[in-house]
Amino acid sequence: MTCTIENGSVAEPVIFAKEELQRALHLLHAPKMKIRLEAAEYETDGYTVDMNFPDGHGFIRGSNPRSVLFGVYRLMRELGFRWIRPGAAGEIVPPPPENWQYIRTWEQASTQFRAICIEGAISRENLLDMVDWMARHNLNTYYLQAPSAYAFLKRWYSHAGNPMLKAEELTREHADEITLELIAALRKRGLILDALGHGPTSEILGIPFWGWDPVLHPVTEGMKPNFAQINGVRDLWHANPHFTQLCYGNPEIREKLAERMVEQVLDHPEAELVHFILSDHHHNFCECDLCRKQRPSDWYVAMLNRIDEKLTAIGCKIRIGFAVYCDTIWPPLVERIRNPERFF
């Protein structure tokens, strides 16, 4: 039978939602239907599915374009579809219903951001399959942790520790191309890219961030005053600049980090959210007399406020995430977030 699906929106996620709905109804040999997809422009995700199969008409309304897609996947679940793991092999297609019933349901998200964070060793196929799986389970945000997926892709394609697979070459340019494919897949579904994160603490010293592997980068005497002082010594932590905290009590360092964050935000207009993260290690904050005047979280909040000031001055409204883990789980005693609307 023929199903007519009308789009009330030209947004890319709604167009994709129509394609997915057509695919599902074709697989199940659905009866003749006239269906309308409609999207509003609210920030909170939510949808209503009203599908009168006996009478041959229905609609799916979303609070925003991606919620229309979420509504389509909810209808598919009601019809028996399941996605038990990422990838085509993880999709379970049910047999056609013996009796097509009236399906009416709705849902509003209880949390604004429902995210997957990139981790481990990732291939191109892993990335794209995960984005597809996310949308089918109402997850709306992908956190990249860095400007590029290079570090995670490199772990996969190097096949370190796997004698059964031969290492494959992965250039940074190729990794950037795969990252762009990831961004396109997110945009197609209306999902949120949460970018940046690790890197600024080494980058302001001229050391680019390409992952957590040991970096053979010359450390000059001019760099050392910037490093955190631990047990009376200023040097790399575990010989890795990306594990090394800086002397955050130094106002010049805080200003450089704020400036670097603003540069990265402007360099990545594709991101809807960004993170500002310090060194990715623990028990390694500076112990100098200046830094000991406040907790690590106080210095962290001071930098977040400065970043907000700079972004506000140029009219940039992007929202920023920050990490409460390791040494920053203890709350600040002095500093407070001045503009809560900036942060999430």
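Criteria and thresholds
- Residues numbered from 1 in each chain as written.
- Predicted model: local features only at pLDDT ≥ 70, side-chain atom pairs only at ≥ 80, totals over all residues.
- Heavy atoms only, no water.
- Helix = DSSP H or I, 4+ residues; strand = E, 2+ residues; numbered from the N terminus.
- Buried < 20%, exposed > 50% of the residue type's maximum accessible area, 1.4 Å probe, protein only.
- Contact = heavy atoms within 4.5 Å.
- Areas by Shrake-Rupley, 256 points an atom, 1.4 Å probe, with all protein chains shown as cover.
- Lys, Arg positive; Asp, Glu negative; His and termini not counted.
- Charge placed at Lys NZ, Arg CZ, Asp CG, Glu CD.
- Expected span 1.5 Å × (residues − 1).
- Phe/Tyr/Trp six-rings, centres within 6.5 Å; stacked < 30°, edge-to-face > 60°.
- Pairing = 2+ DSSP bridges.
- Axes fitted to C-alpha atoms, helices over the stretch in contact; angles between N-to-C directions.
- Salt bridge = Lys/Arg side-chain N within 4 Å of Asp/Glu carboxyl O.
- Disulfide = S-S within 2.5 Å.

Trainee: Just to check I follow, could you spell out the overall build of the protein chain for this structure?
Mentor: Within the protein chain one finds eight helices and 14 strands. In terms of its C-alpha atoms, the protein chain occupies a principal-axis envelope of roughly 75 × 50 × 30 Å. Residues counted as buried form 49% of the 344 residues belonging to the protein chain. The contacts in the protein chain between residues at least 6 apart in sequence include a share of 72% that link residues at least 24 apart. Carbon and sulfur atoms form 54% of the exposed surface of the protein chain, whose accessible area is close to 17100 Å². Side-chain charges in the protein chain split into 37 positive and 45 negative, and the spacing between the mean points of these groups amounts to 3 Å.

Trainee: Please clarify how helix 3 (residues 124-136) should be interpreted in this entry.
Mentor: Residue pairs three or four apart in sequence face the same way in an α-helix, which turns once every 3.6 residues. With 13 residues, helix 3 should reach 18 Å at 1.5 Å per residue; the first-to-last C-alpha distance of 19 Å fits that figure. By the burial criterion, the buried members of helix 3 are L127, V131, D132, M134, A135 and R136. Just beyond helix 3, the residue with positive phi is N138, at close to 65 degrees.

Trainee: What am I meant to see in the packing of aromatic side chains here?
Mentor: Any pair of aromatic rings gets described here by the distance separating the centres and the angle formed by the planes. All chains considered together, the criterion is met by ten aromatic pairs. Where Y248 meets F285, the ring centres are 5.9 Å apart and the plane angle is 55 degrees; that geometry is what we call tilted. Within this pair, whereas Y248 is found in the loop between strand 12 (233-234) and helix 7 (251-267), its partner F285 is found in the loop between strand 13 (273-276) and helix 8 (296-313), the two being separated by 37 residues in sequence. Since its relative accessible area comes to 2%, Y248 is described here as buried. Judged by relative accessible area, which is 11%, F285 ranks as buried. Measuring from centroid to centroid gives 6.2 Å for Y300 and F322, while their planes differ by 85 degrees, and the two rings are edge-to-face. Here Y300, found in helix 8, pairs with F322, found in strand 14 (residues 319-322); they are 22 residues apart in sequence, far enough to count as distant.

Trainee: Even after reading the chapter, I still don't get helix 1 (residues 12-27), so can you show me in this structure?
Mentor: For helix 1, built from 16 residues, the straight-helix expectation of 22 Å at 1.5 Å per residue is met to within 8% by its first-to-last C-alpha distance of 23 Å. The set of residues buried in helix 1 consists of P13, V14, F16, A17, E20, L21, A24 and L25. Close packing links the buried residues of helix 1 with strand 1 (3-7), strand 2 (33-39), strand 4 (57-62), helix 2 (65-78), helix 3 and helix 5 (172-189). One or two positions beyond helix 1, positive phi appears at H29, with a value near 55 degrees.

Trainee: Can you help me understand the sheet that holds strand 3 (residues 46-52) in this one?
Mentor: Neighbouring strands of a sheet are bound in pairs by backbone hydrogen bonds; such pairs are parallel or else antiparallel. Strand order in the open sheet made by the five strands is 1-2-4-3-7, with mixed pairing throughout. Strands with a single pairing partner mark the edges of an open sheet, and in this sheet they are strand 1 and strand 7 (102-108). Going across the sheet, the axis of each strand differs from the next one's by a mean of 10 degrees, ignoring polarity. Pairing between strand 3 and strand 7: seven bridges, direction antiparallel. By the bridge assignment, M51 is partnered in strand 7 with I103. Sitting on the sheet, helix 2 is in contact with strand 2, strand 3, strand 4 and strand 7, with an inclination near 45 degrees to strand 3.

Trainee: For this particular structure, what's the right way to read the pattern of salt bridges?
Mentor: A side chain with one charge can pair with a side chain of the opposite charge if their charged atoms come near. Evaluation of the coordinates by the stated rule reveals 25 salt bridges. Taking the shortest distance from any N to any O, the salt bridge between E125 and R124 comes out at 3.7 Å. Residue class for R124 comes out partly exposed when judged on its relative accessible area of 29%. Several salt bridges share partner residues, and in doing so they unite E20, R23, E91, D132, R136 and R189 into one network.

Trainee: Can you help me understand the sheet that holds strand 10 (residues 192-197) in this one?
Mentor: Taking strand neighbours across the sheet as the criterion, the five strands line up as 8-9-10-13-14 in an open arrangement whose pairing is parallel. For this open sheet the edge positions go to strand 8 (115-117) and strand 14, each flanked by a neighbour on one side alone. Strand-to-strand twist in this sheet, taken as the mean axis angle between neighbours without regard to direction, amounts to 25 degrees. In the sheet, strand 10 pairs with strand 13 via four bridges, with the strands oriented parallel. Its bridge partner lying in strand 13, A195 is registered against V274. Across the face of the sheet, helix 3 comes into contact with strand 8 and strand 9 (141-143) while running at roughly 150 degrees to strand 9.

Trainee: Hey, could you run me through the state of the cysteines in this one?
Mentor: Simply put, the disulfide is a covalent bond whose two ends are the sulfur atoms of two cysteines. Counted by the stated rule, this structure contains zero disulfides. With no disulfide of its own, C247 lies 3.6 Å from the sulfur of C291, the closest cysteine sulfur. This cysteine, C286, is not joined by any disulfide, and C288 carries the nearest cysteine sulfur, 3.5 Å off.

Trainee: So what exactly am I meant to see when it comes to unusual backbone geometry here?
Mentor: Glycine aside, residues mostly have negative phi, and peptide bonds are mostly found in the trans state. One non-glycine residue with positive phi stands out, namely H159, at about 50 degrees. Locating H159 in the fold gives a position in the loop between helix 4 (150-158) and helix 5. Positive phi, close to 50 degrees, is recorded for C326, a residue that is not glycine. With respect to the helices, strands and loops of the structure, C326 is situated in the segment after strand 14. Here C326 falls in the partly exposed class, since its relative accessible area comes to 30%.

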